[in-house]
Amino acid sequence: MFNSLRLRLTIFFGGLSVLMGLALAQYVSRVASERMTAASGDKLHGVTKAIAHALSENLQEREREILLLSQSPQFIRGSLDSADIRNGLDQTKRSYRHYAWLGVTDARGRIVSAADGVLEGVDASARPWVTHGRLGAHVGDVHEAALLAKSLKAPNPNEPLRFVDFAAPVLDAQGTFRGVLGAHAHFDWVNEVFQKSLPAEAPQEGIESMVLNAKGEIIYPFQAIGRPVPGDRLPQPDSYLVLAWGDGGRFLTTTIAVKGPVNDLGWRVVLRQPISKALAPVAELHRNILLLEALATVVFMLLAYKVAGSFSRPVEELARVARRIEQGDERHPFSVRSGIRELADLIDSVRGMTTTLISRKLELADANATLERKVEARTAELNRANAALVQKAHEVADLYDNAPVGYHSLDAQGRFVHMNERELGWLGYEAQEVVERMSMADLLPPEEYLSFSESFRRLQGTGLFQSSDFNLVRKDGTQIPVRLAASALFDEEHQFVKSRAVVMDVTELRELEKRLRSQQILNHSIIHSSSNGLLLYREDGQCVLANEAAADIAGASVEELLAQNFLEIAHWAASGLRDAVLAAFQGTRGQLLIHSTSSFGKRLDSVVTILPLDHEGVRMVLLVVKDVSELMDANRELDKLARNDALTGLRNRLAANERLRSEFLRMKRSGSAYSVLLIDIDHFKRVNDTYGHETGDHVLQQVAECLRSAVRESDFVARFGGEEFLILLPDTTMEGALLAAEKVRAIVAGAEVPLVGRLTISVGLALADAEQPTEDAAVRLADQGLYRAKAEGRNRVGVA
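Because the structure is a prediction, the values reported are computed rather than measured.

A few points about the overall build of the protein chain
Stage number 1. Counting secondary structure elements, the protein chain contains 24 helices and 27 strands.
Stage number 2. Classification of the 800 residues of the protein chain by burial places 40% in the buried group.
Stage number 3. Carbon together with sulfur atoms contributes 55% to the accessible area of the protein chain, which is approximately 44200 Å² in total.

See below:
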């Protein structure tokens with residue numbers, strides 16, 4: 001029953017349906033898994049990047065705030081234990097709710113002032129934030145503080161108090177060290193960053209977040225501390241991986257480094273999601289596909305069983321007729337009939353095949369006889385070919401022995417296993433004196449054998465042997481200079497069998513080199529006496545010639561220039577010099593004005609002429625370098641005078657308009673908004689009228705210094721006209737701009753001006769956005785805010 005054609009066809013097509021269904025299900029599942037994994041990985045990577053950026057911004061903002069506070073006039077000139085200092089610390093602590101403690105030490109490390117008076121009088125000289133803060137701005141890694149914990153209440157009763165330290169040195173106007181300003185921020189702010197950055201559906205999707213320190217240990221969340229981490233197997237910053245974690249299961253994992261402020265803490269944000277959660281829709285799709293495939297298989301098998309019956313009976317009859325013919329009944333008639341065209345064709349084909357086989361049976365007998373005759377003829381041809389090969393082998397051996405170069409082979413011990421007649425003739429030996437009797441140690445001077453033996457050992461291991469020059473000792477004791485190049489022969493298991501070497505007599509070459517050295521001395525004196533820098537490069541990028549003038553222009557030595565490859569020099573690519581030199585190798589001359597810093601740290605202002613050369617068919621490029629630093633410095637000084645305010649040292653209105661235009665265009669491209677502060681000194685006319693214009697100039701200089709000390713390095717400060725100043729804050733939201741404006745106002749209000757006393761300023765604030773038509777729109781809005789601040793009583797911040 002199971003041997004019937006009908007059943008087998010049914011089972012075959014049913015099995016084929018199952019295989020196709022399984023293959024389709026597997027393919028769809030794999031593609032869906034890959035795409036779902038990619039989508040989930042990209043989503044997880046984006047969240048990780050946002051969290052890392054938020055942490056980095058928070059660290060940098062706190063570090064800048066402490067550094068700016070340490071540079072405020074109260075800390076520079078006032079007593080560190082004064083009420084003003086303590087009030088300022090209290091105000092700063094209240095401005096950021098995660099500050100647990102702020103204080104300042106004297107030069108010996110004793111805390112002399114602190115917010116709320118906490119820990120005043122305590123000797124903190126041995127604390128890391130003090131020792132590092134003496135040297136410059138410092139951000140410390142997360143830690144517990146037992147002494148401070150006694151004075152504070154933990155925000156989370158289930159976790160110990162943990163802090164991140166921020167510190168900066170306090171220096172007087174002459175730069176003398178006065179003490180260290182420090183702050184301890186609750187590490188709980190990290191939780192706030194994660195809550196804001198993680199999507200609302202993160203818990204349902206099983207997304208877990210954590211922060212690793214530089215050692216790869218979990219420092220957040222507190223409950224995960226001690227959990228095993230994949231470590232070196234974590235993905236690269238711009239990718240994601242599916243990893244098996246030590247606490248069980250496989251997780252889709254991403255990681256982004258948190259960029260530190262002044263010192264990199266080595267923190268990394270890691271997010272992971274169980275792969276089962278990430279691929280849950282794929283599993284449901286897989287189950288549905290399998291169900292449909294099972295139903296389709298049943299239907300397909302029923303149809304196949306019915307169709308198979310329509311041609312299985314004619315096939316069985318055809319098989320019976322074929323067996324009769326196989327048994328020798330070649331005249332048995334084909335009485336099989338079928339209404340299926342394909343079966344009818346098959347029956348006709350078998351009938352024709354039978355007739356053909358009978359006729360071919362007779363032809364085969366004739367073919368066998370013909371084949372025997374051809375074999376005899378081919379054997380005769382092979383005998384003639386063997387004789388020709390023997391003759392060829394003799395010719396090759398004669399060429400080997402009489403070649404214009406020497407050949408020899410060495411075994412693993414360095415003994416000669418073969419040497420051609422040419423090399424034997426140079427050395428004055430017979431083959432039986434050398435082969436299997438002598439080694440390279442017998443033919444090399446002792447001082448050269450050590451170098452050869454090291455190269456030979458490397459050849460046996462790597463198959464590499466650098467062509468080298470040696471002196472071979474002849475039988476009569478004289479020496480012949482040769483150049484030796486070798487290759488290795490290995491067996492199938494990569495075991496060394498022997499070496500094969502080519503030996504060239506370089507006696508004439510040595511004489512030519514001697515004459516060339518004489519010519520090179522003359523060329524060297526011409527090249528190195530030039531006042532212009534000269535650099536010659538090969539097409540592979542290597543410098544082959546450099547004079548002292550070029551070394552002086554680059555701030556390097558001639559040897560350092562010769563060790564360089566211009567394809568690897570970064571400032572060549574940035575300045576366009578690399579492309580110009582590559583074009584010169586194609587025959588194009590060029591000249592460039594270069595403004596960059598050399599690989600050796602020297603500022604370059606030079607005119608470079610690029611000349612293509614062809615030396616004996618080898619393409620090279622010559623650079624002629626002329627130093628124009630003095631001329632460019634003069635031009636830069638003129639540019640600085642045109643864009644700087646002579647009285648305050650700040651940038652002037654021309655520079656401010658250029659920067660506003662640049663930031664406006666950058667915002668249009670990237671969508672990153674910026675803020676504008678317009679500042680006016682309150683009652684400045686009264687100062688001029690009362691104390692004179694000289695005192696007014698001092699007031700402008702004092703306010704300019706306060707503004708310069710209150711902003712970030714990336715911010716822009718300019719005197720906009722008269723007693724008006726402009727501050728541009730890139731990448732700053734309205735909330736951040738309000739904080740910066742209030743800080744600027746407070747620092748100016750707290751500064752003491754000789755003769756005049758205390759001054760105040762009014763600040764107008766506006767946020768630029770991509771919908772504004774020009775860069776002037778934000779300035780006009782800031783001017784409206786300034787007008788509002790004046791109208792509401794001055795010494796305040798007005799928002800447009």
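Here's the deal with the layout of surface pockets
Stage number 1. If you add up the space inside the largest pocket, you get close to 1500 Å³.
Stage number 2. What lines the largest pocket is a set of 43 residues, among which Glu 57, Glu 61, Arg 64, Arg 712 and Gly 736 lie closest to the centre.
Stage number 3. Elements with a minimum of two residues in the lining of the largest pocket: helix H1 (5–70), helix H6 (189–197), helix H22 (693–710), strand S23 (724–730) and helix H23 (734–750).
Stage number 4. For the lining of the largest pocket, the element with the highest residue contribution is H1, accounting for 12 residues.
Stage number 5. Here the lining of the largest pocket is composed, by residue class, of 15 nonpolar, 12 polar and 16 charged.

Considerations on the packing of H22 against H23
Stage number 1. Viewed as axis vectors pointing N to C, H22 and H23 meet at an angle of 140°, and their least axial separation amounts to 9 Å. As far as their axial angle goes, H23 and H22 are oblique. Between H22 and H23 lies a crossing of right-handed hand. Touching Val 703, Cys 706, Leu 707 and Ala 710 of H22 are Lys 743, Val 744, Ile 747 and Val 748, all from H23.
Stage number 2. Looking at the contact of H22 with H23 residue by residue, the class counts come to 7 nonpolar, no polar and 1 charged.

Details of empty space enclosed by the protein
The gaps left among the atoms become clear once a water-sized probe is rolled over them.
Stage number 1. Counted by the stated rule, this structure contains 3 cavities of 30 Å³ or more.
Stage number 2. The space that makes up the largest cavity amounts to roughly 240 Å³.
Stage number 3. Lining the largest cavity are 20 residues, and of these Leu 535, Ala 554, His 571, Trp 572 and Leu 604 lie nearest its centre.
Stage number 4. Where the lining of the largest cavity is concerned, the elements lending two or more residues are strand S16 (533–538), helix H15 (548–554), helix H17 (570–575), strand S19 (603–615) and strand S20 (618–627).

So, H22
Stage number 1. Taking 1.5 Å of rise per residue, the 18 residues of H22 would be expected to cover 26 Å, and the 26 Å separating its terminal C-alpha atoms lies within 8% of that figure.
Stage number 2. Burial in H22 covers these residues: Thr 695, Gly 696, Val 699, Leu 700, Gln 702, Val 703, Ala 704, Cys 706, Leu 707, Ser 709 and Ala 710.

Considering unusual backbone geometry
Stage number 1. Residue Pro 221 follows Tyr 220 across a cis peptide bond; omega there is 0°.
Stage number 2. Tracing the chain through its elements places Pro 221 in the loop between strand S7 (218–220) and strand S8 (240–244).
Stage number 3. For Leu 755, which is not glycine, the phi dihedral falls at a positive 70°.
Stage number 4. The exposure class assigned to Leu 755 is exposed, which follows from its relative accessible area of 68%.
Stage number 5. Phi at Asn 795 takes a positive value of approximately 55°, unusual for a residue other than glycine.
Stage number 6. Position of Asn 795 relative to the elements: it lies in the loop between helix H24 (776–791) and strand S27 (797–799).

Notes on the sheet that holds strand S4 (residues 163–171)
Stage number 1. Pairing is antiparallel across the open sheet formed by 5 strands, whose spatial order is S2-S1-S5-S4-S3. Strands at the two margins of the open sheet, each flanked by one partner only, are strand S2 (111–114) and strand S3 (138–139).
Stage number 2. Note that S4 and strand S5 (residues 177–186) share 9 bridges and pair antiparallel. What sits directly across from Val 164, in S5, is Ala 185.
Stage number 3. Relative to strand S1 (residues 99–105), helix H3 (residues 83–95) is tilted by about 155°, and along the sheet it contacts S1, S2 and S5.

Some words on the pairing of S4
Stage number 1. Within S4, 8 of the 9 residues are buried, leaving the element largely enclosed by the surrounding structure.
Stage number 2. Two strands pair when backbone bridges link them, and S3 and S4 are joined in this way by 2 bridges, in the antiparallel orientation. Of the residues in S4, the one forming a bridge with Val 139 is Phe 166.
Stage number 3. Counting the residues in the hairpin turn of S4 and S5 gives 5 residues, including Gly 175, whose phi is positive at 85°.

Re the pattern of salt bridges
Stage number 1. All told, the structure shown has 32 salt bridges when counted by the stated rule.
Stage number 2. Among the salt bridges present, the one from Arg 643 reaches Glu 658, with a minimum N-O distance of 2.7 Å. Taken together, the positions of Arg 643 in helix H19 (residues 629–643) and Glu 658 in helix H20 (residues 653–670) put the pair 15 residues apart, joining distant regions of the chain.
Stage number 3. Assessed through its relative accessible area of 19%, Arg 643 is described here as buried.
Stage number 4. On the basis of relative accessibility, which here comes to 35%, the residue Glu 658 falls in the partly exposed class.
Stage number 5. One salt bridge in this structure joins Glu 752 and Arg 758, with 3.8 Å as the shortest N-O distance.
Stage number 6. Counted as one network, the salt bridges with shared partners bring together Arg 659, Glu 663, Arg 666 and Asp 731.

Quick word on the environment of Val 797
Stage number 1. Here Val 797 is to be found in strand S27.
Stage number 2. Between the C-alpha atoms of Val 797 and Leu 786, which are 11 residues apart in sequence, the distance is 7.4 Å.
Stage number 3. What Val 797 contacts, discounting residues up to four positions off in sequence, is Leu 738, Ala 741, Glu 742, Val 763, Leu 765 and Ala 789.

Structural notes on the side chain of Ser 40
Stage number 1. The residue Ser 40 is located in helix H1 in this model.
Stage number 2. The class for Ser 40 is buried, based on a relative accessible area of 12%.
Stage number 3. Look past the residues within four positions of Ser 40 in its chain and what remains in contact with it is Leu 252, Gln 273 and Ala 278.

Observations regarding the sheet that holds strand S6 (residues 208–212)
Stage number 1. Taking strand neighbours across the sheet as the criterion, the 5 strands line up as S7-S6-S10-S9-S8 in an open arrangement whose pairing is antiparallel. Strands with a single pairing partner mark the edges of an open sheet, and in this sheet they are S7 and S8. Neighbouring strand axes in the sheet, compared pairwise and without regard to direction, differ in orientation by 40° on average.
Stage number 2. Pairing between S6 and strand S10 (residues 268–274): 5 bridges, direction antiparallel. Bridge pairing in S10 links Ser 209 to Leu 271.

Quick notes on the nonpolar core
Stage number 1. If you look at the biggest cluster of nonpolar residues, it comprises 47 residues, and the most contacted ones within it are Leu 55, Leu 59, Phe 75, Val 164, Trp 189 and Trp 267.
Stage number 2. Non-local contacts of Phe 75, meaning those with residues more than four positions away in its chain, are made with Leu 69, Ser 70, Leu 80, Ile 85, Leu 89, Val 104, Val 170, Arg 178 and Leu 181.

Considering the environment of Leu 622
Stage number 1. Positionally, Leu 622 belongs in strand S20.
Stage number 2. Here the alpha-carbon distance between Leu 622 and Cys 543, two residues 79 residues apart in the chain, equals 9.9 Å.
Stage number 3. Those residues within four positions of Leu 622 in sequence are excluded, and the remaining contacts are Leu 535, Leu 536, Thr 609, Ile 610, Leu 611 and Leu 613.

Rules and cut-offs
- Residues numbered from 1 in each chain as written.
- Predicted model: local features only at pLDDT ≥ 70, side-chain atom pairs only at ≥ 80, totals over all residues.
- Heavy atoms only, no water.
- Helix = DSSP H or I, 4+ residues; strand = E, 2+ residues; numbered from the N terminus.
- Buried < 20%, exposed > 50% of the residue type's maximum accessible area, 1.4 Å probe, protein only.
- Areas by Shrake-Rupley, 256 points an atom, 1.4 Å probe, with all protein chains shown as cover.
- 1 Å grid on protein atoms, 1.4 Å probe; cavity = no way out; pocket = protein on both sides within 12 Å on 5 of 7 lines; lining within 4 Å.
- Points joined across faces, edges and corners; volume = space filled by probe spheres on them.
- Nonpolar A, V, L, I, M, F, W, Y, C, P; charged D, E, K, R; others polar.
- Axes fitted to C-alpha atoms, helices over the stretch in contact; angles between N-to-C directions.
- Parallel < 35°, antiparallel > 145°, perpendicular 65-115°, else oblique.
- Left-handed = near helix turned anticlockwise from the far one by under 90°.
- Contact = heavy atoms within 4.5 Å.
- Expected span 1.5 Å × (residues − 1).
- Pairing = 2+ DSSP bridges.
- Salt bridge = Lys/Arg side-chain N within 4 Å of Asp/Glu carboxyl O.
- Core = buried A, V, L, I, M, F, W, Y, C linked by side-chain atoms within 4.5 Å.

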